[in-house]
Each structure stands twice: as structure tokens, then as C-alpha cells.
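One-letter residues, chain by chain:
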Amino acid sequence: CIIKGKGRLGMLVHKKMASCVALTTVRQEDKSELDKLSENFKAQFNDNTEVRRRWGGGIMGTKSQHVTQRREKAVQIEQAKKLGLSIA
């Protein structure tokens, strides 16, 4: 389960802040409810592919774009030289 804010999670364990909480024992009468919650959380976050992060997006910065353009231009010039030499 994801809880917004370390302070709110810290209230659960009577501390100022907590980044995570581990359950070590569960009463038998609460086990079915915990299983139901864990299935819901798994369906919402672990099995949901839309929530996973997508890094990058394929957009380069201006410096990288200029470097790529220079490289492509150099490759085109090299190809033109090769075609010119092979024809002559």
C-alpha cells in the first residue's frame, strides 16, 4: 500500500516519520481482510502496467540534438564521398 507522506506513516508507528512498515504477525481473524487488501494493492500497483514509469520519452536536449545532427551530417558527407569515388 502506498501512503502519501512519511509523517502520516510515522503516525501509525508512533514516530515522527517512517519510510516503510513491515507486518511481522497477523491475528487469525484479521488474516482474510489482510489478504483481500494485499490482492487489491497488487492489482492496483504491481499488475498495472500504466503505473510503471516510462523513462526518457525519446526527447533529447538541445546539445544532444546538435551533436546528433553533426554526426548525421558527417555520415552523409562520408557517404557522398564514397559514392563519388566509386563512380569515378
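Placed above this text is the structure.
A few points on the structure. (Residues numbered from 1 in each chain as written. Predicted model: local features only at pLDDT ≥ 70, side-chain atom pairs only at ≥ 80, totals over all residues. Heavy atoms only, no water.)

### Regarding the overall build of the protein chain
Part 1 of the reasoning: Each helix and strand in the protein chain was counted, giving 3 helices and 0 strands.
Part 2 of the reasoning: Taken from N to C terminus, the helices and strands of the protein chain fall in the order α-α-α.
Part 3 of the reasoning: For a compact globule of 88 residues, the expected C-alpha radius of gyration is about 12 Å, and the protein chain comes in at 28 Å, more than 25% above that figure.
Part 4 of the reasoning: Overall size of the protein chain, expressed as C-alpha extent along the three principal axes, is 90 × 30 × 20 Å. (Helix = DSSP H or I, 4+ residues; strand = E, 2+ residues; numbered from the N terminus. Rg over C-alpha atoms; globule rule 2.2 N^0.38 Å.)

### Things to note about the environment of Gly7
Part 1 of the reasoning: Mapped onto the secondary structure, Gly7 falls in helix H1 (residues 6-12).
Part 2 of the reasoning: Spatially, the C-alpha atoms of Gly7 and Ala22 are 16 Å apart, while their sequence positions differ by 15 residues.
Part 3 of the reasoning: In contact with Gly7, other than residues within four places in its own chain, are Lys16 and Met17. (Contact = heavy atoms within 4.5 Å.)

### Examining unusual backbone geometry
As a rule of thumb, non-glycine residues mostly have phi less than zero, and peptide bonds are mostly trans rather than cis.
Part 1 of the reasoning: Here the phi dihedral of His14 falls at roughly 60°; this positive angle occurs in a residue that is not glycine.
Part 2 of the reasoning: Mapped onto the elements of the fold, His14 is located in the loop between H1 and helix H2 (28-46).

### Describing a nonpolar patch on the surface
Part 1 of the reasoning: Judged by side-chain polarity, Leu12, Val13, Val21, Leu23 and Val26 come together as a nonpolar surface patch covering roughly 420 Å² of accessible area.
Part 2 of the reasoning: With a relative accessible area of 35%, Val26 lands in the partly exposed category. (Patch = residues over 30% accessible without salt bridge, like charges linked within 9 Å, V, L, I, M, F, W, Y side chains within 5 Å. Areas by Shrake-Rupley, 256 points an atom, 1.4 Å probe, with all protein chains shown as cover. Salt bridge = Lys/Arg side-chain N within 4 Å of Asp/Glu carboxyl O. Buried < 20%, exposed > 50% of the residue type's maximum accessible area, 1.4 Å probe, protein only.)

### Regarding the pattern of salt bridges
Part 1 of the reasoning: Overall, the coordinates contain 2 salt bridges when judged by the stated rule.
Part 2 of the reasoning: Among the salt bridges present, the one from Glu29 reaches Arg27, with a minimum N-O distance of 3.7 Å.
Part 3 of the reasoning: Arg27 sits in the exposed class, given a relative accessible area of 57%.
Part 4 of the reasoning: For Asp30, the salt bridge goes to Arg27, with nearest N and O atoms at 3.2 Å.
Part 5 of the reasoning: Residue Asp30 is classed as partly exposed on the basis of its relative accessible area, which comes to 29%.

### Observations concerning the environment of Glu50
Part 1 of the reasoning: Tracing the backbone through its elements, the reader meets Glu50 in the loop between H2 and helix H3 (62-87).
Part 2 of the reasoning: Taking the C-alpha atoms as reference, Glu50 lies 35 Å from Glu72; in sequence the two are 22 residues apart.

### A look at the environment of Phe45
Part 1 of the reasoning: Of note, Phe45 is situated in helix H2.
Part 2 of the reasoning: Sequence separation between Phe45 and Ala80 is 35 residues; the distance between their C-alpha atoms is 52 Å.

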